[in-house]
Amino acid sequence: QVQLVESGGGLVQPGGSLRLSCAASRSIVSPNAMRWYRQAPGKERELVATITSGDATNYADSVRGRFTISRDNAKNTMYLQMYSLKPEDTAVYYCNAWMLGVGNYWGQGTQVTVSS
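Moving on, we get to the nonpolar core. Core analysis: the biggest nonpolar cluster contains 31 residues, and Trp-36, Leu-80, Met-82 and Tyr-93 have the highest contact counts within it. Those elements that provide at least two residues to this core are strand 3 (18-24), strand 4 (32-39), strand 5 (46-52), strand 7 (67-72), strand 8 (77-82), strand 9 (91-99) and strand 11 (110-114). Here this core gets five residues from one element, more than from any other, and that element is strand 9.

In structure tokens:
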């Protein structure tokens, strides 16, 4: 079992920045992929960004160029640095960890609200 705990959400003005963290309770074994998803009220959960055990990254078109996903394997932690935030980025952000042959795990989510 792996527990994932997100932190770093909050209220920010449009154009502002936030950094989300996702701390895992144990090492994320390879091969793996870690992802950030988000879900806005009344909408389906959407994939925001992915980082693999080989450090390949991918982003949704809506956040590419504004968000950066990264990981620190020594700290068992993944990050999402968000710049130039827009009201439409408002959502609950969830981290996800998938490990081949081990399982797929979710955090409890952290709220990000972009509003003036």
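The strand order 1-3-8-7 describes an open sheet built from four strands, whose pairing is antiparallel. Edge positions in the open sheet fall to strand 1 (4-7) and strand 7, since each of these has one partner strand only. Strand-to-strand twist in this sheet, taken as the mean axis angle between neighbours without regard to direction, amounts to 15°. In terms of strand pairing, strand 1 meets strand 3 through four bridges, oriented antiparallel. Within strand 3, the residue paired with Leu-4 across the bridge is Ala-24.

Covalently bonding the sulfur atom of one cysteine to the sulfur atom of another cysteine gives a disulfide. Per the stated rule, a full pass over the model turns up one disulfide. A disulfide bridge connects Cys-22 with Cys-95, and the sulfur atoms are separated by 2.1 Å. Residues Cys-22 and Cys-95 share a disulfide whose torsion about the S-S bond is about 55°; that sign makes it right-handed. In this pair, Cys-22 is assigned in strand 3 and Cys-95 in strand 9, connecting sequence segments 73 residues apart. Here Cys-22 and Cys-95 have matching classes, each one buried.

Let us now look at the packing of aromatic side chains. Evaluated as defined, the whole model comprises one aromatic pair. Here Tyr-37 and Trp-106 contribute two aromatic rings whose centre-to-centre distance is 4.9 Å and whose plane-to-plane angle is 55°, an arrangement assigned as tilted. Of this pair, Tyr-37 sits in strand 4 while Trp-106 sits in strand 10 (residues 103-106), and the two are 69 residues apart along the sequence. Judged by relative accessible area, Trp-106 falls into the partly exposed class, the value being 37%. The residue whose ring lies beneath Arg-45 is Tyr-94, and the NZ or CZ to ring-centre distance is 3.8 Å.

Let us now look at the side chain of Thr-77. In this fold, Thr-77 is placed in strand 8. What makes Thr-77 buried here is its relative accessible area of 10%. Engagement of the side chain of Thr-77 in a polar contact is seen with the backbone oxygen of Lys-75, the distance being 2.8 Å. Excluding residues that lie within four positions of it along the chain, Thr-77 makes contacts with Ser-21, Cys-22, Ala-23, Arg-71 and Asp-72.

Let us look at the side chain of Ser-21. As for its position among the elements, Ser-21 is in strand 3. In contact with Ser-21, other than residues within four places in its own chain, are Val-5, Glu-6, Ser-7, Trp-36, Thr-77, Met-78 and Tyr-79.

Reading guide: rules and limits
Residues numbered from 1 in each chain as written. Predicted model: local features only at pLDDT ≥ 70, side-chain atom pairs only at ≥ 80, totals over all residues. Heavy atoms only, no water. Core = buried A, V, L, I, M, F, W, Y, C linked by side-chain atoms within 4.5 Å. Buried < 20%, exposed > 50% of the residue type's maximum accessible area, 1.4 Å probe, protein only. Helix = DSSP H or I, 4+ residues; strand = E, 2+ residues; numbered from the N terminus. Pairing = 2+ DSSP bridges. Axes fitted to C-alpha atoms, helices over the stretch in contact; angles between N-to-C directions. Disulfide = S-S within 2.5 Å. Phe/Tyr/Trp six-rings, centres within 6.5 Å; stacked < 30°, edge-to-face > 60°. Lys NZ or Arg CZ within 6 Å of the ring centre and 35° of its normal. Polar contact = N/O pair within 3.5 Å; in protein donor to acceptor, adjacent residues only side chain to side chain. Contact = heavy atoms within 4.5 Å.

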